[in-house]
Amino acid sequence: MALIEIKNLSISLKTPNGLVPICKNLDFSVNEGEIVGLIGTSGAGKTLICKAIAGIHSRDLEISFDRYRFDNIDITGKDLPQRRKFLSERVAIMLQNGTRSLDPLMTIREQMTENLPNSARPRKLWKRFFWKKREIDILLHKVGFKDTKAILNAYPGELSDVQCQKVNIAMALGRKPRLLIADDPVSTMTALSQLQILRLIDSLNQNNHVSVIYVSNDLGQIARLMDRINMIYYGEIVEQGPTEQILKNPHHPFTKIMLDAIPDMGAGSRRKSFFKAPGGDHPDFQHPPVGCPLGSRCPCADRECNIKPPQTRVKNGFYCCHFPLNT
Amino acid sequence: MAYTITPKFLQVKNLSVFFSTGRYFFLQKKRYALSDISFTLKQGETLAICGDAGSGKSTLLQILNDSNAASYEGEILLYEKNIRDYDRRDRVSIIRMMYPDPDTALNPHIRVYKILEMPLSMNTGLSPREIKKRISVTAEYVGLREEHLNCYLHMLTDIQKLRLSLARALVLRPQALLVDSSVEKLDAVLRMDFYNMFLDLQKRYRMSLIICLNDLCAIKHLADKVLILDHGKAEEFGRVEPMIYSPRSDLTRRIVQSYNHEYRCVHSAAPAVARPLGVITKNSD
Ligand code: SF4
């Protein structure tokens, strides 16, 4: 069953020279209890899509959609403040920089106490004394802190990035969200810390039935965490499918490029040899390219690619390309 | 340049960086951001610094670049001469840093051409024609086009800003390049593009590189030596292969072991990652 269903999402940026479209006619859905990956290059609009879903985008963006259903409730007609209020009770967000998403002037205890919803208050009268304190302790134990007192009395600046991300997850857990949006939380950590955070997200998904939208720009780092992958290029979903299919036989050349960029640690790789990388940059949103956006960087491009490729449906997914691989 | 190529390009001996906290001098305490770090680097070698956020990677780079006001103990020797004894102009054309956050590090009021020209006209005695030529060569090398030189900073995309930041470091033809973790945040494809550029620079000009890297694969591929930092202390320093195959410190072993975690997708053609890890677990038990 679909938890989120968005039809025809369009995002455009207001500039002095008029509207610059970033996303056009994007259909997006997340099933219940699923981890969905949004994977694409930097500057492809992944973060904007996430912010549009959560309703926390900045003022200079214009967002419209035909239909938005969350948890079988239609919130298409609600205006932005109403939608934000509705979503804030159901969606939790993790950002790339864990320290920056906490208030630097409040201790962790204050922030966590403030964050607990009143609906979590126990019914029984004798359990109500100090329930917040106990609840916070339980939450911090769940994410793997042993010495909760030291964490609770610290300011975010005194903690490391990993600890802050863990606190973020604990705060998210406290609100009992239906959806967690993780915006690339592990990209600059060491492998050890990465694993801790990824395991936490996985257990959140398994034990608390939270659906997750995971945003990343590196397919190799986290591919097996996800159930379904959306590849994003130039604000469009260019390929969608289950993880196994994307990894084993990708159809779209962009997916292939991303897969090739996973470095190879095997004994066969010569040290200091050059990596395989297509040159060029992601096209600029202000000067949209003609035809397929991958155009100049695509190894399989031909004359037909001057026409925008249509969506082709395959089993469990789709791709947009004239010359697909592995079909 | 008049420097002879000595094997010892950069030596850092017992470097400790500290901040003084407390208002009055008798209440002051030293807080160490980095303590007791030593390493040596030959010319043309790459040093990878690995560590979490807050472990002192950036502080170390800033101290080497002399852009951090914190006081430090210990010695930094460049060509066997203390870095404090250098004239600023000389030092700047030996060690350059690629700033991680171009939005705040570069001047938004002047054109890109001027941004690239400034370090040249301030630190070298090149004629305007030479300056122009060098700028266009450098810009082309990092992948900026001719028309970008007339833009202002806000007209470039984030990636182009990063390329500009690299170009600004390279116009002076330095012998060592310091790269903060900015490249790590890029997507996999562009990251490879930057790594290729670094490799090329190293092959052509024997440039030394000091990079913040967390991806063990990339470390193994790019770096000769690796320094692992944890909360300001050096956990391990040494060549890369021994670090991966027989790590000495506990933290390093845990990092290496957890690299190949269950969520990572590794090429099917590379089973060799699992093998050394297996060896390590046997040794450690
Ligand atoms: S449509 Fe053409 S240019 Fe676009 S991805 Fe497919 S082959 Fe490449």
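Calculation notes
Residues numbered from 1 in each chain as written. Chains lettered and ligands numbered in written order. Predicted model: local features only at pLDDT ≥ 70, side-chain atom pairs only at ≥ 80, totals over all residues. Heavy atoms only, no water. Helix = DSSP H or I, 4+ residues; strand = E, 2+ residues; numbered from the N terminus. Rg over C-alpha atoms; globule rule 2.2 N^0.38 Å. Buried < 20%, exposed > 50% of the residue type's maximum accessible area, 1.4 Å probe, protein only. Salt bridge = Lys/Arg side-chain N within 4 Å of Asp/Glu carboxyl O. Polar contact = N/O pair within 3.5 Å; in protein donor to acceptor, adjacent residues only side chain to side chain. Contact = heavy atoms within 4.5 Å. Near = heavy atom within 4 Å. Nonpolar A, V, L, I, M, F, W, Y, C, P; charged D, E, K, R; others polar. Core = buried A, V, L, I, M, F, W, Y, C linked by side-chain atoms within 4.5 Å. Domains from an automatic or database assignment. Phe/Tyr/Trp six-rings, centres within 6.5 Å; stacked < 30°, edge-to-face > 60°. pLDDT = per-residue confidence, 0-100. 1 Å grid on protein atoms, 1.4 Å probe; cavity = no way out; pocket = protein on both sides within 12 Å on 5 of 7 lines; lining within 4 Å. Points joined across faces, edges and corners; volume = space filled by probe spheres on them. Buried area = accessible area lost by both parts, 1.4 Å probe. Pairing = 2+ DSSP bridges. Axes fitted to C-alpha atoms, helices over the stretch in contact; angles between N-to-C directions. Parallel < 35°, antiparallel > 145°, perpendicular 65-115°, else oblique. Left-handed = near helix turned anticlockwise from the far one by under 90°.

1. Some words on the overall build of chain B
Move 1: Summing up its helical and strand segments, chain B has 11 helices and 10 strands in all.
Move 2: Computed over its C-alpha atoms, the radius of gyration of chain B comes to 20 Å, within 12% of the 19 Å expected for a compact globule of 285 residues.
Move 3: Each principal axis of the C-alpha atoms in chain B carries an extent, and together these give about 65 × 60 × 40 Å.
Move 4: Burial statistics for chain B: of 285 residues in total, 55% are counted as buried.

2. Some remarks on the pattern of salt bridges
Residues and elements named next belong to chain B.
Move 1: Throughout the structure, instances matching the rule amount to 22 salt bridges over all chains.
Move 2: For E45, the salt bridge is made with R239, and the minimal N-O distance between the two is 3.0 Å. Taken together, the residues span a long stretch of sequence, with E45 in the loop between strand 2 (29-41) and strand 3 (46-50) and R239 in strand 10 (residues 233-239) at a distance of 194 residues.
Move 3: Across the pair R145 and E147 runs a salt bridge, and its minimum N-O distance is 3.1 Å.

3. A closer look at the side chain of A:Q111
Residue and element names in this part refer to chain A.
Move 1: Looking at where Q111 falls in the secondary structure, it is placed in helix 3 (residues 108-115).
Move 2: Looking at Q111, its side chain comes within polar contact range of the main-chain oxygen of M106, at 3.1 Å.
Move 3: With residues near it in sequence (within four places) discarded, Q111 still touches L102, D103, M106, P156 and M171.

4. Considering helix 1 (residues 46-54) of chain A
Move 1: When we look at burial in helix 1 of chain A, the residues that qualify are A:K46, A:I49, A:C50, A:A52, A:I53 and A:A54.
Move 2: Of the residues one or two after helix 1 of chain A, A:G55 is the one with positive phi, at around 75°.

5. A closer look at the site of the ligand
Move 1: Taken together, 13 residues sit near the ligand, with A:C292, A:C298, A:C305, A:C321 and A:H322 positioned nearest.
Move 2: Here the shell around the ligand is composed, by residue class, of 10 nonpolar, three polar and no charged.

6. Overview of the environment of B:I94
Move 1: Along the polypeptide, B:I94 turns up in the loop between helix 2 (88-92) and strand 6 (95-98).
Move 2: Each C-alpha atom, one on B:I94 and one on B:R173, is 7.8 Å from the other, the two residues being 79 residues apart in sequence.

7. Looking at the nonpolar core
Most often, soluble globular proteins keep nonpolar side chains buried together rather than apart.
Move 1: Ranked by size, the top nonpolar core spans 162 residues in total, and within it A:F70, A:Y214 and B:F198 carry the most contacts.
Move 2: Element by element, the count of residues in this core is highest for helix 7 (residues 188-205) of chain B, at 10 residues.
Move 3: Of the residues that make up this core, three or more belong to each of domain 1 (10-94 + 174-269) and domain 2 (105-172) of chain B.
Move 4: The residues contacting B:F198, other than those within four sequence positions of it, are B:M98, B:L166, B:L177, B:V179, B:V183, B:L209 and B:I211.
Move 5: Counting 31 residues, the second largest nonpolar core, distinct from the first, contains B:L61, B:L64, B:A70 and B:I210.

8. Some thoughts on the environment of A:L159
Residue and element names in this part refer to chain A.
Move 1: By secondary structure assignment, the location of L159 is in the loop between helix 5 (148-152) and helix 6 (161-174).
Move 2: Residues L159 and T99, 60 residues apart in the sequence, show an inter-C-alpha distance of 7.9 Å.
Move 3: Ignoring anything within four residues of it in the chain, the contact list for L159 reads I108, I151, A154, C164 and V167.

9. Describing the packing of aromatic side chains
Move 1: Inspection of the entire model under this criterion finds seven aromatic pairs over all chains.
Move 2: Pairing A:Y233 with A:F254 gives two aromatic rings, centres 4.8 Å apart and planes at 55°, and the pair type is tilted. Here the residue A:Y233 occupies a position in strand 10 (residues 228-233), and A:F254 occupies one in helix 10 (residues 253-260), the gap between them amounting to 21 residues.
Move 3: Between B:F9 and B:Y79, the aromatic rings sit 5.2 Å apart at their centres with planes inclined by 80°, giving edge-to-face as the arrangement. Here B:Y79 lies in the loop between strand 4 (71-78) and strand 5 (81-82) and B:F9 lies in the segment before strand 1 (10-21), a separation of 70 residues in the sequence.

10. Thoughts on the confidence of the model for chain A
Move 1: Within chain A, residue pLDDT values average 86, and 98% of them lie at 70 or more.
Move 2: Of all the helices and strands in chain A, helix 8 (residues 219-222) of chain A carries the lowest mean pLDDT, 82, while strand 9 (residues 211-216) of chain A carries the highest, 92.

11. Some words on the layout of surface pockets
All names here are of chain A.
Move 1: Taken as a whole, the second largest pocket spans an internal volume of roughly 650 Å³.
Move 2: Forming the boundary of the second largest pocket are 29 residues, of which K24, N25, E236, I237 and K308 lie nearest the centre.
Move 3: Listed by contribution, the elements that provide at least two residues to the lining of the second largest pocket are strand 2 (18-31), strand 11 (236-242), strand 12 (311-314) and strand 13 (317-320).
Move 4: In terms of residue count, strand 2 provides more of the lining of the second largest pocket than any other element does, 10 residues in total.
Move 5: Considered class by class, the residues forming the lining of the second largest pocket number 16 nonpolar, seven polar and six charged.

12. With respect to the domain arrangement of chain B
Residues and elements named next belong to chain B.
Move 1: When cut into domains, chain B gives domain 1 (10-94 + 174-269) and domain 2 (105-172).
Move 2: On the domain 2 side, the residues contacting the 17 residues of domain 1 number 11 residues.
Move 3: Regarding the contact of domain 1 and domain 2, the summed buried area is about 1,300 Å², with carbon and sulfur atoms giving 70% of it.
Move 4: Where domain 1 touches domain 2, the interface holds one salt bridge.
Move 5: For the salt bridge of D193 with R163, the shortest nitrogen-to-oxygen distance reads 3.3 Å.
Move 6: Taken together, the links from domain 1 to domain 2 amount to three residue pairs in polar contact (both at pLDDT 80 or more).
Move 7: Of the residues in the side of domain 1 that touches domain 2, the class split is 10 nonpolar, two polar and five charged.

13. Considerations on the sheet that holds strand 11 of chain A
All names here are of chain A.
Move 1: A sheet is described by the order of its strands in space; here eight strands give the open sequence 7-8-9-3-10-11-13-12, paired in mixed fashion. The open sheet terminates on both sides in strands that have one partner only, identified here as strand 7 (91-94) and strand 12. Along the sheet, successive strands turn relative to each other by an average axial angle of 20°, direction set aside.
Move 2: With five bridges joining them, strand 8 (residues 179-183) and strand 9 adopt parallel strand pairing. What sits directly across from L180, in strand 9, is V212.
Move 3: Most of the contacts of helix 10 go to strand 10, to which it runs at about 100°, and overall it touches strand 3 (35-40), strand 10 and strand 11.

14. Observations regarding the packing of helix 4 (residues 112-123) of chain B against helix 5 (residues 128-142) of chain B
Residues and elements named next belong to chain B.
Move 1: In contact at an axis separation of 10 Å, helix 4 and helix 5 are set at 125° when each is read in the N-to-C sense. For the element pair helix 4 / helix 5, the angle class is oblique. By crossing handedness, the relation of helix 4 to helix 5 is classed as right-handed. Here Y113, L116, E117, L120 and S121 of helix 4 lie close against helix 5, whose contacting residues are I131, K132, R134 and I135.
Move 2: Split into classes, the residues belonging to the contact of helix 4 with helix 5 amount to five nonpolar, one polar and three charged.

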